[in-house]
Amino acid sequence: MPALKRFLAFSCTHCPLIDRSAFKWMLGQIQDFKPDIVVHLGDGIEADSASRWPSEADWTLQDEFESFNKSLGLVKEVAGGAKLVFLE
C-alpha cells in the first residue's frame, strides 16, 4: 500500500493585492503542517492591468508577476522538500 500524502492547498493570492497577514499565517501553516504537496489553486495575480476594462491600478502586469514570484519563493522556502504545484 502506498504511503499517505499530506496536501495543503490555497488560492486567490491576487498579487499584488495579497493580504500580507493572511499570507504570513498561511506560511506558518505550511511550515507547521509539513505537507508532502503544496498546491496553489489559481488566481495568483490580480490581472487588473491585463483586463480589457479600464484599469485604476497603479501597477503593471510585470509588477503583478514579480509580486507573485516573490510570494511563491516564500512558499517554496517554508515548504521544505514538498512538491509544489501551481495551477493557472
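Novice: So what's going on with the packing of aromatic side chains? Which residues, and what values?
Specialist: Taken as a whole, this structure holds zero aromatic pairs when the rule is applied. Of note, arginine 6 hangs over the ring of phenylalanine 33, and the distance from its end group to the ring centre comes to 3.8 Å.

Novice: Describe in detail the confidence of the model for the chain, supporting the description with residues and values.
Specialist: Residues with a pLDDT of 70 or more make up 100% of the chain, whose mean pLDDT is 92. The secondary structure element of the chain with the lowest average pLDDT is helix H2 (residues 61-79), at 95, and the one with the highest is strand E2 (residues 37-40), at 98.

Novice: Would you mind going over the sheet that holds E2 in detail, with residue names and values included?
Specialist: The strand order E1-E2-E3 describes an open sheet built from three strands, whose pairing is parallel. Lying at the two open borders of the sheet, with one neighbouring strand each, are strand E1 (7-10) and strand E3 (83-86). The sheet shows a mean angle of 15 degrees between the axes of neighbouring strands, taken without regard to direction. Two elements, E1 and E2, share four bridges in a ladder whose sense is parallel. When the bridges of E2 are listed, phenylalanine 7 appears paired with isoleucine 37. Of the strands in this sheet, E1 and E2 touch helix H1 (residues 20-33), which is tilted by about 170 degrees from E1.

Novice: Hey, could you go over the side chain of glutamate 64 for me, with residue numbers and the actual values?
Specialist: Structurally, glutamate 64 can be placed in helix H2. Summary of buried charges: glutamate 64 has no salt-bridge partner, and the nearest side chain of opposite charge, arginine 20, is 13 Å away. Apart from residues no more than four positions distant in its own chain, glutamate 64 is found in contact with Cys15, Pro16, Ile45, Glu46, Ala47, Asp48, Ser49 and Trp59.

Novice: Go over the nonpolar core with me, naming the residues and quoting the values.
Specialist: By size, the foremost hydrophobic cluster in this structure holds 16 residues, and its most contacted members are Phe10, Phe23, Met26, Leu27, Ile30, Val38 and Val75. For this core, the elements supplying multiple residues, two or more each, are E1, H1 and H2. Ranked by the residues each element gives to this core, the list is headed by H2, at five residues. If sequence neighbours within four positions are ignored, valine 75 has contacts with Phe10, Phe23, Met26, Leu27, Ile30, Val38 and Leu84.

Thresholds applied
Residues numbered from 1 in each chain as written. Predicted model: local features only at pLDDT ≥ 70, side-chain atom pairs only at ≥ 80, totals over all residues. Heavy atoms only, no water. Phe/Tyr/Trp six-rings, centres within 6.5 Å; stacked < 30°, edge-to-face > 60°. Lys NZ or Arg CZ within 6 Å of the ring centre and 35° of its normal. pLDDT = per-residue confidence, 0-100. Helix = DSSP H or I, 4+ residues; strand = E, 2+ residues; numbered from the N terminus. Pairing = 2+ DSSP bridges. Axes fitted to C-alpha atoms, helices over the stretch in contact; angles between N-to-C directions. Contact = heavy atoms within 4.5 Å. Buried < 20%, exposed > 50% of the residue type's maximum accessible area, 1.4 Å probe, protein only. Lys, Arg positive; Asp, Glu negative; His and termini not counted. Salt bridge = Lys/Arg side-chain N within 4 Å of Asp/Glu carboxyl O. Core = buried A, V, L, I, M, F, W, Y, C linked by side-chain atoms within 4.5 Å.

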